[in-house]
Amino acid sequence: MSSSSSGLVAGLTAVSLAAVGFLAYQASANAPSSVELAERRPSATGSGGDEPRRNPLSIPRNSGMGLRVVYSPNAKRVWLINERGRAKRTFPVVPGTATPKPGTYWVTSRTGYTTGTDGVRVEHVVRFAKADEVTVGFSAAVDGSLPAPDPKKKTGGVRMARADGDAMWSFATISTIVVVVP
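The text that follows walks through the structure, step by step, so that each part is easy to find. (Residues numbered from 1 in each chain as written. Predicted model: local features only at pLDDT ≥ 70, side-chain atom pairs only at ≥ 80, totals over all residues. Heavy atoms only, no water.)

**Section: the packing of aromatic side chains**
Think of a pair of aromatic rings as described by two things: how far the centres are apart, and how the planes are tilted against each other in angle. By the definition in use, this model includes 4 aromatic pairs. On the numbers, 5.6 Å between centres and 85° between planes, the contact of Y71 with F138 is edge-to-face. Of the two residues, Y71 sits in strand β2 (residues 68-72) while F138 sits in strand β8 (residues 134-141), which places them 67 residues apart along the sequence. Of the two residues examined, Y71 and F138, each falls in the buried class. (Phe/Tyr/Trp six-rings, centres within 6.5 Å; stacked < 30°, edge-to-face > 60°. Helix = DSSP H or I, 4+ residues; strand = E, 2+ residues; numbered from the N terminus. Buried < 20%, exposed > 50% of the residue type's maximum accessible area, 1.4 Å probe, protein only.)

So this is what it looks like as structure tokens:
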């Protein structure tokens, strides 16, 4: 290959990489709250000596390694993490009133359809803990609703949109690790 051909290939490669980077930036700027196949990285905000803030979609620190579900009741978010430690999907959830303490749990049972502790018909129930004598599990309301739980009742359902419930059901089989972080 001549030096002019090498230069042309290098130039085309640089232009291609720049275009891909620009398109990736545009996609991330317009990403919905339910993000698949992407882990957002922390970014610095502010000026001067401000400490960088973590992007709320980034996988929480100290949430384990390998394939796992990460659940943050405070952030009202779940991450489905693949074997390589990358977020396969992240999405918002509505926690129940009974919240397990931070720690490591395992999926103990699954049910296709049932009625939740709040009386709502749910699907794709993935149970993993007990809190306040109530079983805690991820689920989606069959009618697609995501109401806030009644604060007077002990409810263990961590509700999500139906599409996110489908993803959870496919991902979190029996014995899958669930890490609860604040």
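**So, the pairing of β8**
Of all 8 residues in β8, 7 are buried, a share of seventy percent or more. Summarising the sheet, strand β7 (residues 121-131) and β8 pair through 7 bridges and their orientation is antiparallel. Residue pairing for β8: K130 is matched across the bridge by T135. Counted along the chain from β7 to the antiparallel partner β8, the turn is 2 residues long, and its residue D132 has a positive phi close to 50°. In this sheet, strand β9 (residues 157-159) lies alongside β8 in parallel orientation, the contact comprising 3 bridges. (Pairing = 2+ DSSP bridges.)

**Here's the deal with the environment of N74**
Position of N74 relative to the elements: it lies in the loop between β2 and β3 (77-81). Note on N74: relative accessible area 62%, which makes it exposed. N74 sits 25 residues away from T99 along the chain, and the two C-alpha atoms are 10.0 Å apart.

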